[in-house]
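Residue-level structure breakdown
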Amino acid sequence: MELLDNIKKVTAPDALWHKVNERVHKQQADIVPMHNVRAIAAAVALLFIANVVFAVQWTNTTDEVSLEEIIPEENYSLYE
Amino acid sequence: MTFEQLYKLHTDLVYNLALQYVQNTADAEEIAQDVFMSVHKNMHKFKGKSSVKTWIYRITINKSLDFIKAKTRTKRSFFFNSKRLDDPDTHINVSDFDHPGVLLEQKEEMKRIFDCINELPERQKTALILLKIENKTQQETANIMDCTVKSIESLYQRAKNKLTQKLAETKE
């Protein structure tokens with residue numbers, strides 16, 4: 001077990017920095033498309049909300065219009 | 001401090017500590033890469049509750065232990081596949097010994113010692129590596145392992161006893 005005291009410290013290989021740097025750049029490049037994905041997701045969500053708001057408003061508008069306004073009564077008679 | 005400065009200050013520390021865990025230059029390089037990727041990803045989250053050095057020591061220990069677990073799993077599945085193919089000579093050996101800090105004339109004996117160290121429980125192994133090989137004080141080791149000096153004393157004592165016993169067994 002005393003042999004463990006003889007273990008020498010070594011210097012890390014120079015190539016290690018290049019490998020780390022390469023991976024860091026790759027990781028950063030991978031992050032960019034994620035921003036795009038988030039932007040697209042946000043745009044889709046906004047479109048969906050706008051669509052819902054529009055649909056609700058449209059439904060409210062048709063509720064206020066009576067059938068008589070759309071179909072003039074004198075042109076139709078169920079008893080004829 | 002920039003990432004490059006952090007790297008330059010701690011690269012030898014990380015590489016040497018990883019070497020004590022895996023005793024193999026290729027594996028130690030892979031662990032060191034993982035460590036610095038993690039440092040790069042989390043350096044903005046580092047709150048300074050411990051020193052940067054302690055933080056990097058912890059990351060290195062965790063990455064080394066994860067690496068060994070992953071490698072053991074791969075070797076084990078290979079082992080089972082080989083068993084199915086009726087190959088009785090297959091055995092699990094976590095590392096292919098290639099430790100550049102070991103003198104050539106002591107290589108065989110060191111390999112035997114490290115084989116025994118690799119069989120120790122994770123925390124005992126870490127305490128032994130930090131105190132005996134990395135020459136850290138008990139207080140520094142306690143800070144890195146986030147426990148008390150008393151537990152470090154106990155872990156080290158148990159590791160030493162178990163290692164002595166295992167070495168005696170393998171010598172016979």
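See the structure printed just above.
To keep things clear, this report deals only with the structure shown in the data block.

So, how was this worked out
Residues numbered from 1 in each chain as written. Chains lettered and ligands numbered in written order. Predicted model: local features only at pLDDT ≥ 70, side-chain atom pairs only at ≥ 80, totals over all residues. Heavy atoms only, no water. Helix = DSSP H or I, 4+ residues; strand = E, 2+ residues; numbered from the N terminus. Buried < 20%, exposed > 50% of the residue type's maximum accessible area, 1.4 Å probe, protein only. Areas by Shrake-Rupley, 256 points an atom, 1.4 Å probe, with all protein chains shown as cover. Contact = heavy atoms within 4.5 Å. Polar contact = N/O pair within 3.5 Å; in protein donor to acceptor, adjacent residues only side chain to side chain. Expected span 1.5 Å × (residues − 1). Bend = angle between axes of the 7 residues up to and from the residue. Phe/Tyr/Trp six-rings, centres within 6.5 Å; stacked < 30°, edge-to-face > 60°. Buried area = accessible area lost by both parts, 1.4 Å probe. Salt bridge = Lys/Arg side-chain N within 4 Å of Asp/Glu carboxyl O. Axes fitted to C-alpha atoms, helices over the stretch in contact; angles between N-to-C directions. Parallel < 35°, antiparallel > 145°, perpendicular 65-115°, else oblique. Left-handed = near helix turned anticlockwise from the far one by under 90°. Nonpolar A, V, L, I, M, F, W, Y, C, P; charged D, E, K, R; others polar.

Description of the overall build of chain A
Scanning chain A for helices and strands turns up two helices and zero strands. Looking at chain A as a whole, 11% of its 80 residues qualify as buried. By element, 62% of the accessible surface of chain A is carried by carbon and sulfur atoms, the whole surface being about 6900 Å².

Focus: the side chain of B:Gln106
If you trace the backbone, B:Gln106 turns up in the loop between helix H3 (52–84) and helix H4 (107–117). Given a relative accessible area of 15%, B:Gln106 falls into the buried group. In this structure, B:Gln106 is in contact with A:Leu3 and A:Asn6, ignoring residues within four places of it in sequence.

Remarks on the environment of B:Asp27
All names here are of chain B. Along the chain, Asp 27 turns up in helix H2 (residues 25–42). Along the sequence, Asp 27 and Asp 98 sit 71 residues apart, while their C-alpha atoms lie 9.8 Å from each other. Dropping the residues within four chain positions of it, Asp 27 is found in contact with Val 22, Phe 67 and Lys 71. Polar side-chain contacts of Asp 27 include one of 2.6 Å to the side chain of Lys 71.

Quick notes on H2(B)
In this model H2(B) runs 26 Å from its N-terminal to its C-terminal C-alpha over 18 residues, within 8% of the 26 Å that 1.5 Å per residue would give. Listing the buried residues of H2(B) in full gives B:Asp27, B:Ala28, B:Glu29, B:Ile31, B:Ala32, B:Gln33, B:Val35, B:Phe36, B:Met37, B:Ser38, B:Val39 and B:His40.

As for helix H1 (residues 3–22) of chain B
If you look at H1(B), its biggest bend is around 55°, right at B:His10. The buried fraction of H1(B) amounts to 15 of the 20 residues, a majority that puts the element mostly inside the structure.

Re the packing of aromatic side chains
Using the criterion set out here, one finds six aromatic pairs over all chains in the structure. On the numbers, 6.0 Å between centres and 35° between planes, the contact of A:Trp17 with B:Phe3 is tilted. With one member in each of two chains, A:Trp17 in helix H1 (residues 15–64) and B:Phe3 in helix H1 form a pair that bridges those chains. B:Phe3 shares its class with A:Trp17; the two are buried.

Quick notes on the interface of chain A and chain B
On the side of chain B, 35 residues touch chain A, which itself brings 20 residues to the contact. On the chain A side of the contact with chain B, A:Met1, A:Leu4 and A:Trp17 bury the most area, a combined 25% of that side's loss. Connecting chain A to chain B are four salt bridges. B:Asp34 is the salt-bridge partner of A:Arg23, the closest N and O atoms lying 3.1 Å from each other. In this structure, the connection of chain A to chain B is made through nine residue pairs in polar contact (both at pLDDT 80 or more).

Re the packing of H4(B) against helix H7 (residues 149–171) of chain B
Residue and element names in this part refer to chain B. The N-to-C vectors of H4 and H7 enclose an angle of 125°; their axes lie 9 Å apart at closest approach. By the angle between their axes, H4 is oblique relative to H7. As for how H4 packs across H7, the hand of that crossing is right-handed. Along its contact with H4, which presents Arg 112, Ile 113, Cys 116 and Ile 117, the element H7 presents Leu 163, Lys 166, Leu 167, Thr 170 and Lys 171. Of the residues belonging to the contact of H4 with H7, the class tally is five nonpolar, one polar and three charged.

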